[in-house]
Structures are given as C-alpha cells and as structure tokens.
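Geometric and topological summary
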Amino acid sequence: MSAVRRFVLLGALALAVLPTPAEAGRRPFIWVWDTEIVPKGDVELEQWLWAKSRAPGVPERTSSYWIWWAPVFGLTQRLELAVPFQVLATRDHTQLESFDADLRLRLNPRGDDAPWQGLLRVAYHHTIHTAQPSRLDANLVQSFETEGGLRLVLDLGAQVGLPALRGQEGPVRLLGTYAAGVSLPLVEDELRASLEAFGEIPLQGIPGGQHHFVGADLAWTFGRTWVTLGVLVGLTPLFPETPQFMPRLIWAVVL
C-alpha cells in the first residue's frame, strides 16, 4: 500500500471516530416538548428513565418507574418519527406498558434560524398490560430564542383516551395538558440550565383532580450525544393527589 493511500485511509478513520458537532433533536427540558427535530436521514436512539413518587392524598398508590426507548427517524427537514415502547415497574410487578407511533412536524424546516419556531406533535399510544385505554395525543408547541441563547417554550396538549380501541366499554377520556419552560445557556452549544412547569387538567371521564408541577433541568450536549436531567416537584399542598416528585433522565445519540 502506498504512503498516499495509507494517509487517506488514516484520515478517513480519524474523521469517523473523532467527536462531531451534535445534530440530535436535543431538548433542554424533561417534560416540555420543544421544536428541535432530528436532521433528514439521521437516526437517533433516545431513552428516558423516569418515575412518579407517592402522592400524599393517595397513600395506597405506590411509586412507579418507567423506561421509554425509541429510535427517532429524521424523515424530512420538517418531519421526524419516533417508534417507542415503554416498560412500567412498581413494587409488585414489571410489565410492558405500551407502544407508540409519534410524529413531530416542525412548521419551519431545519436550518431556518428565525427566533420563532412552531411544531405540531401527533401520536398514537397503544396500551398493553394496563387498565388505561389506548389514546391519541396532540401537542402544539411554540418556541422563541434570543440572539443570546435564552429560550422560551410553550406547549399545549390534549390526550384522548378511547376504550373502544381495545374493545373496552366506557366513555371517551379527555385530558388537557400544558407545559412551559425557560432555558439559559451556561456554556455555548454545550450546557444549559432550565426551569419548567407542567400540568394535567381532567376534562372528561377521568377520575381524580388536577396535577401541577414545577422543576429544574440541566442539559449537556457533547459530540453527537445529548443528556438532560431534571426533576419536577408536585404542588401537593394545593393538590394532594399529585405525586411529590417526578424525576427524569433523557439521553440520546445520533447514529
């Protein structure tokens, strides 16, 4: 092998293994849906580890833990598709809870650097070993980012539980959700700190009351990987049926 060919091969190998700028559909929040998506042609492997602690108003309800895992496909510069499954564990059992088909449509294509960006999310959530019905989810998300990197996001959503999808009887269940977050860069393109709020408001056919949370997050991007860690604290003095804590760890890597 000539010296030139060896040099070319070594250069190609170095480019393949050296860290590259992250192109993942990264998010600085653990609960707020954001407007970033995976680039066209890329595949991102994303995993969530999260939990709900006990609620003071429902002492018989044990803490619950979830693993959410999905490939996320960049279909176009506007559209990505996630195909996750979720495993639920409690003190008494561990089981496969659900499969999803999750589409996120960015209203402006990737590469558009306008400060205002919008996204529409539509998902089908198919439940398995749970009493909850399968459902349709929708979220409308709006983000705004200043030249200094301060990021504001508002996320309004709805979940429509349809017992008939699993051959069950019962009324349609309707849940309204909201989330909002503010994120500030600590190290440009690498480290962000965020505050967020999240709430669930039963509108039809869902027992129990409202749930409202506030919390803080830390997001780190390195190479083609991003990690976000945070915890939401329930407003249990006002809503005793709300879990006291909901921590979540999200990590993802672009293949």
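Now for a description of the structure that goes with this document. (Residues numbered from 1 in each chain as written. Predicted model: local features only at pLDDT ≥ 70, side-chain atom pairs only at ≥ 80, totals over all residues. Heavy atoms only, no water.)

1. Examining unusual backbone geometry
The line we're drawing: For the purposes of this entry, the term helix denotes a DSSP run of H or I that reaches at least four residues, the term strand denotes a run of E that reaches at least two, and both are numbered from the N terminus.
Residue Asp189 is not a glycine yet carries a positive backbone phi of 65°. Structurally, Asp189 is set in the loop between strand 9 (173–187) and strand 10 (191–204).

2. Description of the nonpolar core
This is how the line gets drawn: In this description, a nonpolar core means a group of buried Ala, Val, Leu, Ile, Met, Phe, Trp, Tyr and Cys residues linked to one another through side-chain atoms lying within 4.5 Å. We call a residue buried when its accessible area falls under 20% of the maximum for its residue type, exposed when it is over 50%, and partly exposed in between, using a 1.4 Å probe and counting protein chains only.
Membership of the largest hydrophobic core comes to 23 residues, with the highest contact counts inside it found for Trp31, Trp48, Trp50, Phe198, Leu232 and Met246. Counting only elements with at least two residues in this core, the list comes to strand 1 (43–52), strand 2 (64–74), strand 12 (225–234) and strand 13 (245–254).

3. Remarks on the pattern of salt bridges
For the record, the criterion: Should a side-chain nitrogen of Lys or Arg be within 4 Å of a carboxyl oxygen of Asp or Glu, the pair is scored as a salt bridge.
The final tally for this structure, using the stated rule, is 11 salt bridges. In this structure, the salt-bridge partner of Arg110 is Glu36, at a minimum N-O distance of 3.8 Å. Placement of the pair is Arg110 in the loop between strand 5 (94–106) and strand 6 (116–127) and Glu36 in the loop between helix 1 (3–17) and strand 1, with a sequence separation of 74 residues. Among the ionic pairs, Arg224 bridges to Asp42, the shortest N-O distance being 3.7 Å. Of this pair, Arg224 sits in the loop between strand 11 (211–222) and strand 12 while Asp42 is found in the loop between helix 1 and strand 1, placing the two residues 182 residues apart along the sequence. The exposure class assigned to Arg224 is partly exposed, which follows from its relative accessible area of 25%. Using a relative accessible area of 18% as the deciding quantity, one classes Asp42 as buried.

4. Regarding the environment of Gln132
Stated formally: Whether two residues are in contact is decided by their heavy atoms, any of which lying within 4.5 Å being enough. Any pair of N or O atoms that falls within 3.5 Å is considered a polar contact. Within protein, one atom must be able to donate a hydrogen and the other to accept it, and sequence-neighbouring residues count only if both atoms are side-chain atoms.
Inspection of the secondary structure puts Gln132 in the loop between strand 6 and strand 7 (135–145). Each C-alpha atom of the pair Gln132 and Arg173 lies 9.9 Å from the other, and the pair is 41 residues apart in sequence. In contact with Gln132, other than residues within four places in its own chain, are Thr127, Arg166 and Arg173. A distance of 3.2 Å separates the side chain of Gln132 from the side chain of Arg173, its partner in a polar contact.

5. Here's the deal with empty space enclosed by the protein
Put simply, the test is: The pocket and cavity definitions rest on a 1 Å grid over protein atoms only: a 1.4 Å probe that fits but cannot leave marks a cavity, an open set with protein on both sides within 12 Å along at least five of seven lines marks a pocket, and residues lining either have an atom within 4 Å of a point. Grid points are joined across faces, edges and corners, and a volume is the space filled by probe spheres set on the points. Only Asp, Glu, Lys and Arg are considered charged, only Ala, Val, Leu, Ile, Met, Phe, Trp, Tyr, Cys and Pro nonpolar, and every remaining residue, Gly among them, polar.
All chains considered together, the criterion is met by one cavity of 30 Å³ or more. Taken as a whole, the largest cavity encloses approximately 40 Å³ of empty space. Residue composition of the lining of the largest cavity, grouped by class: three nonpolar, no polar and five charged.

6. A short note on the pairing of strand 7
Our working definition: Strand pairing is defined by DSSP finding a minimum of two bridges between the two strands.
Relative to strand 7, strand 6 runs antiparallel, the two sharing 10 bridges. Counted as the bridge partner of Val122 is Ala138 from strand 7. Bridge analysis of strand 7 against strand 8 (residues 151–161) gives 11 bridges, and the strand direction is antiparallel. Considered in strand 8, the bridge of Asn139 is made with Gly157. Remark: five residues form the turn of the hairpin made by strand 7 and strand 8, two consecutive strands paired antiparallel; Gly149 in that turn has positive phi of roughly 100°.

7. A look at a nonpolar patch on the surface
Definition in use: Two joining distances apply to patches: 9 Å for like charges and 5 Å for nonpolar side chains (Val, Leu, Ile, Met, Phe, Trp, Tyr), and every residue must have over 30% relative accessible area and no salt bridge. In this description, accessible areas are obtained by the Shrake-Rupley approach with a 1.4 Å probe, and a residue is regarded as covered only by the protein chains that are shown.
Judged by side-chain polarity, Leu150, Leu152, Leu184, Leu186, Val187 and Leu218 come together as a nonpolar surface patch covering roughly 490 Å² of accessible area. Looking at the nonpolar patch, the element that brings in the most residues is strand 9, giving three residues.

8. Quick word on the side chain of Arg248
Definition in use: When charges are counted, Lys and Arg are positive and Asp and Glu negative, with His and the chain ends excluded.
Here Arg248 is to be found in strand 13. Buried charge without a partner: Arg248 forms no salt bridge, and the closest opposite charge is Glu196, 7.6 Å away. A distance of 2.7 Å separates the side chain of Arg248 from the backbone oxygen of Ile30, its partner in a polar contact. In contact with Arg248, other than residues within four places in its own chain, are Ile30, Trp31, Trp48, Leu49, Trp50, Thr228, Leu229 and Gly230.

9. Let's talk about the packing of aromatic side chains
As a reminder, the rule being used: Stacked, tilted and edge-to-face pairs are distinguished by plane angle, under 30 degrees for stacked and over 60 for edge-to-face with tilted covering the rest, among Phe, Tyr and Trp rings (Trp via its six-membered ring) whose centres lie within 6.5 Å. Lysine and arginine charges are scored as sitting over a ring when NZ or CZ, respectively, is within 6 Å of the ring centre and within 35 degrees of the ring normal.
Counted by the stated rule, this structure contains 10 aromatic pairs. With 4.0 Å between their ring centres and 10° between their planes, Trp48 and Trp68 make a pair best called stacked. You can see Trp48 sitting in strand 1 and its partner Trp68 sitting in strand 2, a full 20 residues away along the chain. In this structure Trp48 comes out as buried when scored by relative accessible area, which is 7%. The rings of Trp31, Trp50, Trp66, Phe198 and Phe213 are connected pair by pair, giving a single aromatic cluster. One cation-aromatic arrangement involves Arg248 over Trp31; the distance from NZ or CZ to the ring centre is 3.7 Å. Above the ring of Trp50, the side-chain terminus of Arg248 is found at 4.7 Å from the ring centroid.

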